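Summary of the model geometry
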Amino acid sequence: MIKIEQHAVTAWPAIDNERAGGWLLRHTPGVTRRRNNAALPPAADRHPERSLDAVESYYRTRGAAVIVQVSPAEEHATLDAALAERGYRHDAPTLVMTAPAATITDRLTPPTPVEITPELTPAWRAAYGSETVSDLVLSRITAPTGFASITVDGEIAAFGLFVAGDGLTGVFCMATAPAHRRRGYAAAILHAGAAWSLTHGAHTLYLQVEDDNDQARRLYEAAGFTHSHSYHYRIL
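Residues numbered from 1 in each chain as written. Predicted model: local features only at pLDDT ≥ 70, side-chain atom pairs only at ≥ 80, totals over all residues. Heavy atoms only, no water.

Comments concerning the sheet that holds strand β4 (residues 89-100)
- Reading across the sheet, the 8 strands line up as β3-β10-β4-β9-β8-β7-β6-β5 and stay open at both edges, with mixed pairing between neighbours. Looking at the sheet topology across the chains shown, the edges are occupied by β3 (67-70) and β5 (115-117). Across this sheet, the average inter-strand angle for adjacent strands is 25 degrees, counted without regard to direction.
- Note: strand β6 (residues 145-152) against strand β7 (residues 155-165), 8 bridges, orientation antiparallel. Note on β7: the bridge partner recorded for Ala 148 is Gly 160. (Pairing = 2+ DSSP bridges. Helix = DSSP H or I, 4+ residues; strand = E, 2+ residues; numbered from the N terminus. Axes fitted to C-alpha atoms, helices over the stretch in contact; angles between N-to-C directions.)

Following this line, the structure appears as structure tokens:
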């Protein structure tokens, strides 16, 4: 679990990273996504609930909401209770799922060709749609990246991002245009990403999916992903 969380930090980088009391404090001005702006706690045996004042000070001096990623949630019951007592609201319960790359390539049969490029292309960037995230996050990833896409009639119909390193590959940005859904494109993207992952020495894939996204969970479970751990956010 810890290895996955450490990989995810570098796979989806924040502009500002600061360590305080074992916490990793992350802030990315201009990007509203929680994962770019959340504090990640140290192990429970370091009692992160005792250093919340420093966490809150970091975000308040930047004029930002205080967001804590309670991860792994299974190990941070004391911290979670302390945050609730201080008035933090519970948000976005999320599952982290993992799968062997070989299992994915065995289970999924791609119905259509997938292109994977090592760099963020103008076409992929346009399909993704967020210039801010592209500029401040995607273009700053230093680990090996695979920008996967399926093109139909000259336009990207489905895409995903794979970030490899330390034996793991993170799966991000999975999306299919509404007009092209239910054609197996997401499965094809996963198959191509798993094959790409193996060529980079990464034999395990992980992804994050919100707990109530039943459709995505069914796809990932069919591909071979199983639950590793959970997290949620607490926001003040």
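Examining empty space enclosed by the protein
- Scanning the entire structure with this criterion turns up 1 cavity of 30 Å³ or more.
- By volume, the largest cavity is sized at about 100 Å³.
- Taken together, Glu 5, Ala 8, Val 9, Trp 12, Arg 26, Arg 35, Leu 40, Gln 69, Phe 172, Gln 208, Tyr 231 and Tyr 233 make up the lining of the largest cavity.
- Elements that contribute at least two residues to the lining of the largest cavity include exactly α1 (2-11) and β10 (226-235).
- When residues in the lining of the largest cavity are grouped by element, the largest group, 3 residues, is from α1.
- A per-class count over the lining of the largest cavity returns 7 nonpolar, 2 polar and 3 charged. (1 Å grid on protein atoms, 1.4 Å probe; cavity = no way out; pocket = protein on both sides within 12 Å on 5 of 7 lines; lining within 4 Å. Points joined across faces, edges and corners; volume = space filled by probe spheres on them. Nonpolar A, V, L, I, M, F, W, Y, C, P; charged D, E, K, R; others polar.)

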